[in-house]
Amino acid sequence: MSSAPDRQLGPDLAIATSIGDAADVLVIGLVSGPGSSDGPDADATPVPVVGDGILDDAQLAEISASLTAVGASAGAGEISRIVAPASIGASSILAVGMGARSALDDPDTVRRAAGVAARTLTGVGRVVTTLSTVDLGAAAEGFFLGAYRFEEFRSDKTRSTKAPLASVALLPGTAARDAAAELDRARSIATAVAVARDFVNTPPSHLYPEEFANRARTLGETAGLEVEILDDTALIEQGYGGIVGVGKGSSRLPRLVRLAYRSGASDAKKVALVGKGVTFDTGGISIKPAAGMENMTSDMGGAAAVVATVVLAAQLGVGVDVTATVPMAENMPSSTAQRPGDVLTQYGGITVEVINTDAEGRLILADAIVRACADDPDYLIDTATLTGAQMVALGTRTPGVMGTDDFRDRVAGISRRIGENGWAMPFPEELSADLKSRVADLANVTNHRWGGMLSAGIFLREFVADGVEWAHIDVAGPAFNTGGPWGYTPKGGTGVPVRTMISVIEDIAALG
Ligand code: BES
Ligand code: MN
Ligand code: ZN
């Protein structure tokens, strides 16, 4: 899966049977040694993480001596570079700090260390690693995602002169069972995350609803999905008032994309995915301040993740039916834009007073949720860069997970297990009264700013059919990294929450 067919999204990944002599750099982990405190930045006498039977005692002693000589630290993300023993094929060793040994129980420790290594080793051809002895899949994902780069819009003037890390050979641990299958799975997952990142990183000049829909069609058809696209005329005819209302201020007209993967099993559970695809959010007539508005190129991060996830589900051949319902619109101010005070009719008939045109995500999602529920899914996951309040509540790296209690908790738990760190949030009942409108069934915002992430979720709840297990994931901060790179996360699009959604889908396939 690739957004541009000629683009390689990450390094070649392969299983290694020994360190061999073909690698330029050996990547190992470091954990804090005995006698040091168990804290994440403990750095006394770090111990190499090198698996069993891969290095002999003499090699290990030489590596430890070199690490001590350079003052190597086991602090998470710290890196040390040493010359390799002459008896090892690689000419140097990169040691990446992983914190306390107990942190190895969390696969994300491995994923992050591998990501740090991949970001450090630009210009390197071949790497061999022992990080995979702890968790092969996590190491593979971390290297792939850490090596991700997006330079489509740079000319030779500023494009990097060093190529991204080209290939990684991963040594399995002694307990590894089907290493080849685990690697294939990791490669597919990381590729899907990279596809979502590419969509988010493509600027709004080049990714607008029609173009986004076309690219989703190409990806979907290549993966063997059923594809249906409603254009602006079809949206008006069929009563998608939310998508039409948000999109009507722009010369780039809205779309609704539907992608369907059918597992083939007659008793398969049905999972519906819905993702916010605002290709640029100016706020509309309730226009946003200029400072930081450029970050609203990321306002289709939910849609990007949902498109990548349904394609990934097909590639992995999961045993559940998965649909993606993806509303796409550009929120612009103009003489044709919707006004504060306008009333629109959502798909399905609920009327909404648009108090603030910048609360547009919930309007396009409401239409898409009603449409998705018409297929009678067992589970519905929607995800969106929905509220600045998500970042006020949880910071920039922690998705807010809302919905029906049991499924919300299941999604948040899985999200933490896979390192995207979603956190369950409540629906305080008093907020629902604050969404009452003077003239319509609902207002699109409350008359105060408290609990803004939660009232957005409560608005969406009105459109979820009874009996559907539902989770809403607000990724306003987590989908787009405006800070520096860390672990396997680059600046810009992150691909969150692709890995949460595919893991939930696999969990449903396994447990119902
Ligand atoms: N796309 C924004 C939310 C957002 C803000 C995402 C910052 C990423 C970073 C959304 O459409 C929006 O404007 N929400 C408003 C809602 C308010 C008007 C109730 C907000 O958060 O201010
Ligand atoms: Mn907005
Ligand atoms: Zn928005």
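Residues numbered from 1 in each chain as written. Chains lettered and ligands numbered in written order. Predicted model: local features only at pLDDT ≥ 70, side-chain atom pairs only at ≥ 80, totals over all residues. Heavy atoms only, no water.

Peer 1: Tell me what's going on with the domain arrangement of the protein chain, and back it up with residues and numbers.
Peer 2: In terms of domain boundaries, the protein chain breaks down into domain 1 (12-173) and domain 2 (210-511). The centre of domain 1, based on its C-alpha atoms, is set 37 Å off from the matching centre of domain 2. Facing the 12 residues of domain 1 at the interface are 10 residues of domain 2. Interface area for domain 1 against domain 2, summed over the two sides, is near 880 Å², with a carbon-plus-sulfur share of 56%. Scanning the region where domain 1 abuts domain 2 turns up one salt bridge. The partner of E141 in a salt bridge is R499, with the nearest N and O atoms 3.9 Å apart. Remark: the boundary between domain 1 and domain 2 carries three residue pairs in polar contact (both at pLDDT 80 or more). For the side of domain 1 that touches domain 2, the elements supplying multiple residues, two or more each, are α2 (107-120) and α3 (136-146). Of the residues belonging to the side of domain 1 that touches domain 2, the class tally is four nonpolar, three polar and five charged. (Domains from an automatic or database assignment. Contact = heavy atoms within 4.5 Å. Buried area = accessible area lost by both parts, 1.4 Å probe. Salt bridge = Lys/Arg side-chain N within 4 Å of Asp/Glu carboxyl O. Polar contact = N/O pair within 3.5 Å; in protein donor to acceptor, adjacent residues only side chain to side chain. Helix = DSSP H or I, 4+ residues; strand = E, 2+ residues; numbered from the N terminus. Nonpolar A, V, L, I, M, F, W, Y, C, P; charged D, E, K, R; others polar.)

Peer 1: Any details on the coordination of the manganese ion (ligand 2)? Residues and values, ideally.
Peer 2: Tetrahedral coordination by four donors puts the ideal angle at the metal at 109.5 degrees, and octahedral coordination by six puts it at 90 or 180 degrees. Of the protein atoms, only D281 (OD), D358 (O), D358 (OD) and E360 (OE) coordinate the manganese ion (ligand 2), at distances of 2.0 to 2.2 Å. Coordination geometry of the manganese ion (ligand 2): the six donor atoms subtend angles of 71 to 168° at the metal centre, consistent with an arrangement described as irregular. Mapping the donors of the manganese ion (ligand 2) onto the primary sequence yields the spacing D-x76-D-x1-E. The metal-metal distance between the manganese ion (ligand 2) and the zinc ion (ligand 3) is 3.2 Å, with D281 coordinating both. In this pair, D281 is assigned in strand β11 (residues 277-281) and E360 in the loop between β14 (351-353) and α9 (361-373), connecting sequence segments 79 residues apart. (Donors = N, O, S within 2.8 Å, 3.2 Å for Na, K, Ca; no water. Tetrahedral: all angles 85-135°; square planar, octahedral: opposite > 155°, others 65-115°.)

Peer 1: Give me the site of ligand 1: which residues, what numbers.
Peer 2: Around ligand 1 there are 16 residues in total, and K288, D299, D358, E360 and G388 lie nearest to it. At 2.8 Å, a side-chain N or O of D358 approaches an oxygen atom of ligand 1. One of the backbone nitrogen or oxygen atoms of L386 is found 3.5 Å away from a nitrogen atom of ligand 1. Taking 510 Å² as the accessible area of ligand 1 by itself, protein coverage stands at 75%. Here the residues of the shell around ligand 1 sort into five nonpolar, four polar and seven charged. (Near = heavy atom within 4 Å. Areas by Shrake-Rupley, 256 points an atom, 1.4 Å probe, with all protein chains shown as cover.)

Peer 1: I'd like a rundown of unusual backbone geometry, residues and numbers included.
Peer 2: With omega at 5°, the peptide bond leading from V496 into P497 counts as cis. Considering the arrangement of structural elements, one finds P497 in the loop between β21 (492-493) and α14 (498-511). At D376, a position not held by glycine, the phi torsion is positive, near 60°. Assessed through its relative accessible area of 57%, D376 is described here as exposed. For N421, which is not glycine, the phi torsion reads 65° and is therefore positive. For N421, the position within the fold is in the loop between α11 (405-417) and β17 (423-424). (Buried < 20%, exposed > 50% of the residue type's maximum accessible area, 1.4 Å probe, protein only.)

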